[in-house]
Amino acid sequence: EFKTHYAEDGNIHFNRKAIKKTKIHETADPERWAKEVVAAMKKIEDEFHQATEDICINMGAGALKAMRRVLPLSKERFDWRPIRHSLVRDMKNVETKEFRITHGLDDE
């Protein structure tokens, strides 16, 4: 069983559990039987870890990408160039106006 939690601007829990069975040859030699048990466990655990790694590698391109929102709720792409935003322009105008008033440069 494998459990992990990842949080970076999100909250992702990943749980993976596998139940496997294998056959061990009956033998009267306890040393040989122990070696077969260890070899069988190693094979099953290696397969589990490899499959888990494959899932994690492909998760970003598959499941996680499908969960991401391509467009914001407004359905319009966000322009990351701050000069284009009226909020930034308004803030700059307020800063300039406050500076001019504070320093006696207000023409209005």
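Residue indices begin from 1 for each chain and proceed along its sequence in written order. At least 70 in pLDDT is required for a residue's local features to be given in this predicted model, at least 80 for side-chain atom pairs to be given and counted, and no such filter applies to totals for whole chains, interfaces and linings, which use all residues. Each side-chain value is derived from all of the structure's non-hydrogen atoms; neither hydrogens nor water enter the calculation.

## Notes on the environment of His5
Using the following cut-off: Secondary structure elements are taken from DSSP: a helix is a run of H or I of four residues or more, a strand is a run of E of two residues or more, and numbering for both begins at the N terminus. In what follows, residue pairs with any heavy atoms lying within 4.5 Å of each other are defined as contacts.
By the secondary structure assignment, His5 is in strand β1 (residues 2-6). Separated by 10 residues in sequence, His5 and Asn15 place their C-alpha atoms 8.7 Å apart. With residues up to four places along the chain from it excluded, the contact list for His5 reads Asn11, Ile12 and His13.

## Looking at the environment of Asn15
Tracing the backbone shows Asn15 in strand β2 (residues 12-16). Each C-alpha atom, one on Asn15 and one on Phe2, is 5.7 Å from the other, the two residues being 13 residues apart in sequence. When sequence neighbours within four positions are dropped, the list of residues in contact with Asn15 reads Phe2, Lys3 and Thr4.

## Some details on the side chain of Arg16
Heads up, the condition is: Burial classification: accessible surface area is computed with a 1.4 Å probe over protein chains only, and a residue below 20% of its type maximum counts as buried, one above 50% as exposed, and the rest as partly exposed. Positive residues here are Lys and Arg, negative ones are Asp and Glu, while His and the chain termini are left out of the count. Within this document, salt bridges are pairs made up of a side-chain nitrogen of Lys or Arg and a carboxyl oxygen of Asp or Glu, the two lying within 4 Å of each other. We define a polar contact as two N or O atoms separated by no more than 3.5 Å, with the added condition that, inside protein, one atom must be a possible hydrogen donor and the other a possible acceptor, whereas residues neighbouring each other in sequence contribute only through side-chain atom pairs.
Mapped onto the fold, Arg16 is located in strand β2. This buried residue, Arg16, is left without a salt bridge; Asp54 holds the nearest opposite charge, at 8.5 Å. Separated by 3.3 Å, the side chain of Arg16 and the backbone oxygen of Phe48 make a polar contact. At 3.0 Å, the side chain of Arg16 and the side chain of Thr52 are in polar contact. For Arg16, the contacting residues outside a window of four places in its chain are Glu1, Phe2, Phe48, Ala51, Thr52 and Ile55.

## Observations concerning the pattern of salt bridges
Oppositely charged side chains can pair when the atoms bearing their charge come close. Enumeration according to the criterion identifies 4 salt bridges in this entry. Note that Glu36 and Arg32 form a salt bridge whose closest N and O atoms lie 3.6 Å from each other. Highlighted residues: Glu36 and Arg32, both in helix α1 (residues 30-59), separated by 4 residues, approximately one helical turn. Here Lys43 makes a salt bridge to Glu47, at a shortest N to O gap of 3.8 Å. Pair noted here: Lys43 and Glu47 are both in helix α1, with a separation of 4 residues, about one helical turn.

## Concerning the confidence of the model for the chain
Rule in force here: Note: pLDDT gives the predictor's confidence per residue, expressed from 0 to 100.
Averaged over every residue, the pLDDT of the chain is 77; residues scoring 70 or more account for 63%. Confidence, expressed as mean pLDDT per element, reaches its minimum in the chain at helix α3 (residues 86-102) with 64 and its maximum at α1 with 90.

## Observations concerning α1
In an α-helix, one turn spans 3.6 residues; hence positions three or four apart end up facing the same way. Basically, it comes down to this: A helix's residues, less one, multiplied by 1.5 Å, set its expected span.
The end-to-end C-alpha separation of α1 is 43 Å, in line with the 44 Å expected for 30 residues at 1.5 Å each. Along α1, the residues classified as buried are Ala40, Phe48, Thr52 and Met59.

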